Amino acid sequence: MKQSQRWQRTLILCLLSLSVVAPLVFVSRRLKVLTPDGRREFLDDLSSHTYRTDPLRLNAIEQEGAEELEEPKQVVYEEKDFGSSNSYSSEKINDSEESRIEGYRNNLLERNEFDHDKIQDQEAQQKGLSSMDGDKGKFNKTVTNNQNILTHSQRMIDENIKVTDKQSVRTATHHHQISRSQSRRVTIQKVEEIKDQIIRARAYLGFAPPNSNSHLVKELKLRIKEMEHAVGEATKDSDLTRSALQKMRQMEASLSKASRAFPDCTAMAAKLRTMNHNAEQQVRSQRDQTTFLVHLAARTTPKGLHCLSMRLTADYFALRPEDRKLPNENKIHDPKLHHYAVFSDNVLACAVVVNSTVSNAKEQEKLVFHVVTNSLNFPAISMWFLLNPPGKTTIHIQSIDNFELSKFNTSNKYNSSDPRYTSELNFLRFYLPDIFPALNKILLFDHDVVVQQDLSGLWKANMNGKVNAAVGTCQEGQTSFHRMDMFINFSDPFIAKRFDVNACTWAFGMNLFDLQQWRRHNLTAVYHKYLQMGSKRPLWNIGSLPLGWLTFYNKTMILDRRWHILGLGYDSEVDRNEIERAAVIHYDGIRKPWLDIAMGRYKGYWSKFVGFGHPILQRCNLQA
């Protein structure tokens, strides 16, 4: 009996001691959470507990929801976006950046929950104390202070999140710019791979026996057709479609089969070298053919111009002899007027030179145009100016047959069929004092120029005893740059002794000649001397420009470049601002503005002085 009572007392004491020790253990665990080592353990326990609803808890949730959170970025696949590797790397960078930001946010929110729960525990303790003491005023004050602390903490967290968002946006933008610059550098990668695949497939087909009809040959031919159709005229990756990428993989599989079937690398290299050589030969042949056709087009009269010349000639001979005379014939020998000369067999070219000069002149009544042509085109040019008189300006049309200059014919001295080098009109410029014996000065135009400004200031220039005034072509780097040794043989002792290879050269096309000084120096005889010497030994290249440099050596005044801009007949990169500021623009070269091979960007400066609405031009189908 006593023993049973002893066991009962022992059990009761154990239960009492357990009831005392258990709260102590629980409190110690709660205190452990307040240390840095126990924080994570407590946060893990929070996820498995459901907390009671509390006004403070709801207040914290509302403040968190009030902040606008960034929506997840949506990646939309487009068919023409083939920078897959760059897009993947960009998305990977963005995803890692977003995950880092999201982790930082979660860390802040966890810290918020921990602080909030700690405040709740403190609140419970304060509640217990206040209920024991019955001091409700102190409890309310504690709750208010805790709420203020929570609000301040939430504001600090929101500000940190905003700063983090701004930094993440800047970082993401920087990575996006980097990825875009990388994608721009490889925009033609896929196109080049497709072309390389086609070349490799054709090389493998070259290894197959002639008339082979094996499965591999059929497959390669099919793949080549598919790839050529897929690439089409694409010049960059964005021009390709999704199916082109699929066909690339199929082609790569076929090429892998072919590489196993034809493993001889030496034979493959030789085949590729042969294909490369053949391709270079084809390019060279096509280049030569293109050059020939362009020069042929430059030497051939277009059908419309031929039609115009024939119709004007017929109309001219239909007139009575007294109706064929142009007005103001009394002015053609007046040395006080401004005399211009054009040597040409092209009706429209002469019309543009005259129309552009007259339309920009301030005193049209002072202008006298002398047009010299051959006997074949004399009626057509005369008829054109009878139908289209240029206002108050005087027009004088002459035929080269009227001059006794046939003994100086140079067409048989050059082994060339190009009329630019063999035409007598091209060398007639060296006989200006004989053609115009009553004049003191004359301004010579090529028929492929357009006048854009009034030229009266040029007539007032002091030539300081020089014979020729022209724009220089000696500025290195300019499109019209020429050196004398480029056209003249300075290895000849006669040339090397009398001329400086570094002397400044000048251009034909717009030249003001002082005919009085010309006669004083007897430069026509100088021209004849060099012409005869050049016929015996090679002193210069073909053309009249080298002869002009020799004849007017040290007798040329260089004009400012704004008077005369060259290169519109062969150079596609003449500065448009220089063209518009120039007094005269020159279509020197083979791409004349009246030909179909003319450069479109310059043709408008010429065509605006042609009246394409004229009935005779429309009948010949001449259009701008």
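This text goes with the structure placed above it.
Here goes a summary of the coordinates provided. Fair warning: this is a prediction, and the values are worked out from it, not measured in the lab. (Residues numbered from 1 in each chain as written. Predicted model: local features only at pLDDT ≥ 70, side-chain atom pairs only at ≥ 80, totals over all residues. Heavy atoms only, no water.)

**Thoughts on the overall build of the protein chain**
Each helix and strand in the protein chain was counted, giving 23 helices and ten strands. Put simply, the protein chain has 624 residues, and 39% of those count as buried. Within the protein chain, residue pairs in contact and separated by at least 24 positions form 78% of the contacts whose partners lie at least 6 positions apart. About 36,600 Å² of surface is accessible on the protein chain, with carbon and sulfur atoms providing 52% of the total. (Helix = DSSP H or I, 4+ residues; strand = E, 2+ residues; numbered from the N terminus. Buried < 20%, exposed > 50% of the residue type's maximum accessible area, 1.4 Å probe, protein only. Contact = heavy atoms within 4.5 Å. Areas by Shrake-Rupley, 256 points an atom, 1.4 Å probe, with all protein chains shown as cover.)

**What about the state of the cysteines?**
Summed over all chains, the structure comprises one disulfide. Across the disulfide, cysteine 307 is cross-linked to cysteine 620 (sulfur-sulfur distance 2.3 Å). Disulfide cysteine 307-cysteine 620: torsion about the S-S bond near -75°, hence left-handed. Separated by 313 residues along the polypeptide, cysteine 307 in helix H10 (residues 303-317) and cysteine 620 in the segment after helix H23 (615-619) bring together distant segments of the chain. The exposure class of cysteine 620 is buried, given its relative accessible area of 6%. (Disulfide = S-S within 2.5 Å.)

**Comments concerning the packing of aromatic side chains**
Applying the stated criterion across every chain, the model contains 18 aromatic pairs. Where tyrosine 340 meets tryptophan 459, the ring centres are 5.7 Å apart and the plane angle is 80°; that geometry is what we call edge-to-face. Taken as a pair, tyrosine 340 in strand E1 (residues 338-343) and tryptophan 459 in helix H16 (residues 456-459) lie far apart in primary sequence, 119 residues in all. When sorted by exposure, tyrosine 340 lands in the same class as tryptophan 459, which is buried. A ring pair is formed by phenylalanine 430 and phenylalanine 552, whose centres lie 6.5 Å apart and whose planes are at 15°; its orientation type is stacked. Of the two residues, phenylalanine 430 is situated in the loop between helix H14 (424-427) and helix H15 (432-435) and phenylalanine 552 in the loop between helix H20 (545-551) and strand E8 (556-559); the sequence distance between them amounts to 122 residues. We note that phenylalanine 430, like phenylalanine 552, is buried. (Phe/Tyr/Trp six-rings, centres within 6.5 Å; stacked < 30°, edge-to-face > 60°.)

**Here's the deal with empty space enclosed by the protein**
Applying the stated rule across the entire model yields one cavity of 30 Å³ or more. The space that makes up the largest cavity amounts to roughly 80 Å³. Lining the largest cavity are 13 residues, with Tyr340, Ala361, Leu367, Asp454 and Ser456 positioned closest to its centre. Every element with two or more residues in the lining of the largest cavity is listed here: E1 and helix H11 (347-360). (1 Å grid on protein atoms, 1.4 Å probe; cavity = no way out; pocket = protein on both sides within 12 Å on 5 of 7 lines; lining within 4 Å. Points joined across faces, edges and corners; volume = space filled by probe spheres on them.)

**As for the sheet that holds strand E9 (residues 564-565)**
Strand order in the open sheet formed by three strands is E5-E10-E9, with mixed pairing between adjacent strands. Strand pairing shows two members of the sheet lacking a second neighbour, strand E5 (449-451) and E9, which therefore form its edges. Relative to strand E10 (residues 584-586), E5 is paired through three bridges, and the arrangement is antiparallel. From the neighbouring strand, valine 449 faces E10, where its bridge partner is histidine 586. (Pairing = 2+ DSSP bridges.)

**A few points about the sheet that holds strand E6 (residues 468-471)**
Strand order in the open sheet formed by seven strands is E3-E2-E1-E4-E7-E6-E8, and the pairing between neighbours is mixed. For this open sheet the edge positions go to strand E3 (394-399) and E8, each flanked by a neighbour on one side alone. Each strand axis lies, on average, 25° off the axis of its neighbour in the sheet, ignoring direction. By the bridge criterion, three bridges tie E1 to strand E4 (residues 441-445) in an arrangement that is parallel. Paired with alanine 341 across the two strands is leucine 444, which belongs to E4. Where helix H12 (residues 378-387) meets the sheet, it contacts strand E2 (367-373) and E3, and its direction lies at approximately 170° from that of E3. (Axes fitted to C-alpha atoms, helices over the stretch in contact; angles between N-to-C directions.)

**Description of the nonpolar core**
Membership of the largest hydrophobic core comes to 68 residues, with the highest contact counts inside it found for Leu308, Phe369, Phe385, Phe445 and Ile585. No other element matches H11, which puts nine residues into this core. Discounting residues that sit within four places of it in the chain, phenylalanine 369 has contacts with Tyr340, Val342, Val353, Val354, Thr357, Val358, Thr393, Thr394, Ile395, His396 and Phe445. Residues Ile435, Phe490, Leu550 and Tyr553 belong to the second largest nonpolar core, which totals 41 residues. (Core = buried A, V, L, I, M, F, W, Y, C linked by side-chain atoms within 4.5 Å.)

**What to know about the pattern of salt bridges**
By the definition in use, this model includes ten salt bridges. One salt bridge connects arginine 200 with glutamate 252, and the closest N-O pair in it is separated by 3.9 Å. Of this pair, arginine 200 sits in helix H6 (residues 189-207) while glutamate 252 sits in helix H8 (residues 242-261); the two residues are 52 residues apart in sequence, bridging distant segments of the chain. By relative accessible area, which is 37% here, glutamate 252 ends up partly exposed. A single network of salt bridges, built from pairs that share partners, joins Arg320, Glu322 and Asp323. (Salt bridge = Lys/Arg side-chain N within 4 Å of Asp/Glu carboxyl O.)

**Focus: the pairing of E6**
The alternating pattern of E6 places Asn468 and Ala470 and Ala469 and Val471 on opposite faces, both of which are buried. Relative to strand E7 (residues 510-514), E6 runs antiparallel, the two sharing two bridges. Bridge pairing in E7 places alanine 469 opposite leucine 512. Bridge count for E6 against E8 is four bridges, and the pairing is parallel.

**Focus: helix H22 (residues 600-607)**
Residues Tyr602, Tyr605, Trp606 and Ser607 constitute the buried set of H22. Buried residues belonging to H22 abut H11, E5, helix H21 (576-581) and E10.

**Considerations on the environment of arginine 581**
Relative to the helices and strands, arginine 581 resides in helix H21. When the C-alpha atoms of arginine 581 and isoleucine 565 are compared, they prove to be 9.3 Å apart, with 16 residues separating the residues in sequence. In this structure arginine 581 touches Gln453 and Arg562, once residues within four positions along its chain are discounted.

**Focus on helix H19 (residues 523-536)**
Between its terminal C-alpha atoms H19 stretches 20 Å, which fits the 20 Å expected from 14 residues at 1.5 Å a residue. All buried positions along H19 are accounted for by Leu523, Thr524, Tyr527, His528, Tyr530, Leu531 and Met533. The inward-facing, buried residues of H19 contact H14, H15, helix H17 (493-498), helix H18 (515-521) and H20. (Expected span 1.5 Å × (residues − 1).)

**Digging into unusual backbone geometry**
In this structure, asparagine 328 takes a positive phi of about 60° despite not being glycine. On the secondary structure map, asparagine 328 appears in the loop between H10 and E1. The partly exposed category is assigned to asparagine 328, whose relative accessible area is 31%. One non-glycine residue, asparagine 621, lies in positive phi territory at about 60°. Note on placement: asparagine 621 falls in the segment after H23. For asparagine 621, a relative accessible area of 56% corresponds to the exposed category.

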